[in-house]
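# Working through the structure, step by step
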Amino acid sequence: MAPIGYLETGVIYCDDNLHRLAQFPADSVDLIYLDPPFFSNRHYEVIWGDEAEVRSFEDRFQGGIHVYVEWMRDRLIELHRILKPTGSIYLHCDWHAGHYLKIAMDDIFGNRQFQNEFVWYYSGGGFEEAMGAQARHHPVLHQG
Ligand SMILES: C[S@@+](CC[C@H](N)C(=O)[O-])C[C@H]1O[C@@H](n2cnc3c(N)ncnc32)[C@H](O)[C@@H]1O
């Protein structure tokens, strides 16, 4: 794909972001938010609106966590290339791979660039069950 000469805004691209990102000029983006597959090893199906249209995506990576992290690393390298030096990037992930992604981002962006971690706060979410007599694990959701 040829590089694009300017940034089109208000456009949603529905293809592999690795190839799409390669078209963006270096140091051209102020803000990046990404909500990638979480390495949950699940198949997701979501029903949208009243049409009962099912949209689905696979969050399965044959070969395990290192295959997933390398898949993400390729994209993070492109994101680093296109992010302005004054820009910000937010990565949404969870316990499945969050620690691996933190290390990958420290490698690529520099660990001194890291600002903070935001944590979802939920009530409920299996806390009582997880803390009960039959508990086999700690709750996966953060509690106050
Ligand atoms: C955790 S979901 C995010 C869902 C989305 N934020 C939402 O609220 O509907 C991960 C998304 O990444 C998409 N995805 C997976 N591989 C991709 C790729 N190579 N390029 C772009 N998107 C990809 C999946 O289709 C899925 O929609």
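What this report covers is the structure whose coordinates are included nearby. (Residues numbered from 1 in each chain as written. Predicted model: local features only at pLDDT ≥ 70, side-chain atom pairs only at ≥ 80, totals over all residues. Heavy atoms only, no water.)

### Topic: the site of the ligand
Short version of the rule: Being near a molecule or strand, for a residue, comes down to having at least one heavy atom within 4 Å of it. For the purposes of these results, a polar contact is taken to be a pair of N or O atoms within 3.5 Å, where, inside protein, one atom must be able to donate a hydrogen and its partner to accept one; residues adjacent in sequence count only when each atom of the pair is a side-chain atom. Computed by Shrake-Rupley with a 1.4 Å probe, the accessible areas treat only the displayed protein chains as cover when residues are assessed. A cavity here means a set of 1 Å grid points, computed over protein atoms only, where a 1.4 Å probe fits but cannot escape. A pocket is an open set with protein on both sides within 12 Å along at least 5 of 7 lines, and lining residues have an atom within 4 Å of a point. For a molecule to be placed in a cavity or pocket, more than half of its atoms must lie within 2 Å of the grid points of that cavity or pocket.
Inspection of the region around the ligand gives Asp15, Asp16, Asn17, Asp35, Pro36, Pro37, Phe57, Trp71 and Arg75 as its neighbouring residues. The contact in question runs from a nitrogen atom of the ligand to an N or O atom on the side chain of Asp16, over 3.0 Å. The separation between a nitrogen atom of the ligand and a polar side-chain atom of Asp35 is 2.6 Å. When the free accessible area of the ligand is taken as 590 Å², the share hidden by the protein chains comes to 54%. Comparing atom positions with the cavity grids shows the ligand to sit within the second largest pocket.

### Let's talk about the packing of helix H2 (residues 65–82) against helix H3 (residues 98–109)
Under the convention used in this document: Axes here refer to lines fitted to C-alpha atoms; in helices the fit is confined to the stretch in contact. Angles between the N-to-C directions go from 0 to 180 degrees. Secondary structure elements follow DSSP: runs of H or I of four or more residues count as helices, runs of E of two or more count as strands, with numbering from the N terminus. Left-handed describes a crossing whose near helix is turned anticlockwise from the far helix through less than a right angle; right-handed describes the clockwise counterpart. Note on contacts: a residue pair qualifies if any of its non-hydrogen atoms lie within 4.5 Å across the two residues. Here the nonpolar group is Ala, Val, Leu, Ile, Met, Phe, Trp, Tyr, Cys and Pro; Asp, Glu, Lys and Arg are the charged ones; every other residue, Gly included, is treated as polar.
The contact between H2 and H3 brings their axes to 10 Å, and the two run at 35 degrees. Classified by chirality, the crossing of H3 by H2 is right-handed. Residues Ile65, His66, Tyr68, Val69, Met72, Arg73, Leu76, Ile77, Leu79 and His80 of H2 pack against Tyr100, Leu101, Ala104, Met105, Asp107, Ile108 and Phe109 of H3. Split into classes, the residues belonging to the contact of H2 with H3 amount to 13 nonpolar, two polar and two charged.

### Here we look at unusual backbone geometry
Trans is the common state for peptide bonds, and a negative phi is the common state for residues other than glycine. Note the following rule: Each residue is placed in one exposure class: buried if its accessible area under a 1.4 Å probe, protein chains only, is under 20% of its type's maximum, exposed if it is over 50%, and partly exposed if it falls in between.
Phi is positive for Asp27, close to 50 degrees, though the residue is something other than glycine. Note on Asp27: relative accessible area 45%, which makes it partly exposed. Of note in this structure, Phe39 is not a glycine but carries a positive phi near 65 degrees. Note that Phe39 resides in the loop between strand E1 (29–34) and strand E2 (42–48).

### Comments concerning the pattern of salt bridges
Applicable threshold: A pair is scored as a salt bridge if a Lys or Arg side-chain nitrogen falls within 4 Å of a carboxyl oxygen belonging to Asp or Glu.
Taken as a whole and judged by the stated rule, the model has eight salt bridges. One salt bridge in this structure joins Lys102 and Asp106, with 2.6 Å as the shortest N-O distance. Within this pair, Lys102 and its partner Asp106 are both found in helix H3, separated by four residues, close to a single helical turn. By sharing partners, the salt bridges in this structure join Glu70, Arg73 and Asp107 into a single network.

### Section: the layout of surface pockets
Rule in force here: Grid points are joined across faces, edges and corners, and a volume is the space filled by probe spheres set on the points. Each domain span listed reflects an automatic or database assignment of domains.
What the largest pocket holds in volume is close to 1,400 Å³. Considering the residues around the largest pocket, the lining is formed by 36 residues, among which Leu91, Phe114, Asn116, Glu117 and Phe118 are closest to the centre. Taken together, the elements giving at least two residues each to the lining of the largest pocket come down to strand E4 (83–91) and H3. A domain split of the lining of the largest pocket shows at least three residues from each of domain 1 (17–113) and domain 2 (114–144). Roughly 1,200 Å³ of internal volume is contained in the second largest pocket. If you go around the second largest pocket, you meet 33 residues; those closest to its centre are Tyr13, Asn17, Tyr33, Leu34 and Asp35. Its residues assigned to classes, the lining of the second largest pocket shows 22 nonpolar, four polar and seven charged.

Any functional reading would require information beyond the geometric quantities listed.
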